[in-house]
Amino acid sequence: MRSHEGQFSDNRPIKRSPQEKRRLLAELKETLAGIKPHNSPSLRTTLLARIKELEAELAPERK
C-alpha cells in the first residue's frame, strides 16, 4: 500500500509543543536512570543523545 502526500507515514518529524518536549525529556531521564547495567550500551547512548537534543531545543526558551 502506497502512502499519499501529506500522510503521517511520510517520514516527517513530529511537531511537539514545549510542554510536550519537557514531559518527554523527564520521561527519558527517568528511563535512563532505571536502565540496568546489563542493558545494551547503544540504548544508553541513544537515550543520552536524545536527551541532549531535547535540552538543546529547550535551552533558548529558558532564557
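Above this text you will find the structure in question.
Residues numbered from 1 in each chain as written. Predicted model: local features only at pLDDT ≥ 70, side-chain atom pairs only at ≥ 80, totals over all residues. Heavy atoms only, no water.

A. Quick look at the side chain of Lys21. Here Lys21 lies in helix H1 (residues 18–34). Among the residues examined, Lys21 registers a relative accessible area of 18% and is labelled buried. Only 2.9 Å separates the side chain of Lys21 from the side chain of Glu57, close enough to count as a polar contact. Look past the residues within four positions of Lys21 in its chain and what remains in contact with it is Arg16, Leu54, Glu57 and Leu58. (Helix = DSSP H or I, 4+ residues; strand = E, 2+ residues; numbered from the N terminus. Buried < 20%, exposed > 50% of the residue type's maximum accessible area, 1.4 Å probe, protein only. Polar contact = N/O pair within 3.5 Å; in protein donor to acceptor, adjacent residues only side chain to side chain. Contact = heavy atoms within 4.5 Å.)

B. Geometry of the environment of Pro18. Secondary-structure assignment places Pro18 in helix H1. On the basis of relative accessible area, Pro18 is assigned to the partly exposed category, the value being 30%. Sequence separation between Pro18 and Leu54 is 36 residues, and the spatial gap between their C-alpha atoms is 9.8 Å.

C. Spotlight on the nonpolar core. Counting residues in hydrophobic clusters, the biggest one holds 9 residues: Leu24, Leu25, Leu28, Leu32, Ile35, Leu47, Ile51, Leu54 and Leu58. Those elements that place two or more of their residues in this core are H1 and helix H2 (41–62). (Core = buried A, V, L, I, M, F, W, Y, C linked by side-chain atoms within 4.5 Å.)

D. Structural context of the pattern of salt bridges. Evaluated as defined, the whole model comprises 4 salt bridges. Residue Glu27 pairs with Arg23 through a salt bridge whose shortest N-O separation is 3.4 Å. Placement of the pair is Glu27 and Arg23 together in helix H1, with a separation of 4 residues, close to one helical turn. Among the salt bridges present, the one from Glu55 reaches Lys29, with a minimum N-O distance of 3.2 Å. Of the two residues, Glu55 sits in helix H2 while Lys29 sits in helix H1, which places them 26 residues apart along the sequence. For Glu55, a relative accessible area of 29% translates into the label partly exposed. Here Lys29 falls in the partly exposed class, since its relative accessible area comes to 41%. (Salt bridge = Lys/Arg side-chain N within 4 Å of Asp/Glu carboxyl O.)

E. Just the environment of Lys52, in detail. With respect to the element layout, Lys52 can be found in helix H2. Residue classification places Lys52 among the exposed positions, given a relative accessible area of 60%.

F. Representation of the environment of Leu47 within the structure. Positionally, Leu47 belongs in helix H2. Note on Leu47: relative accessible area 10%, which makes it buried. Put simply, Leu47 and Leu32 are 15 residues apart on the chain and 6.7 Å apart in space, counted from C-alpha to C-alpha. Other than its neighbours up to four places away in sequence, Leu47 contacts Leu28, Thr31, Leu32 and Ile35.

Structural measurements only, silent on function.
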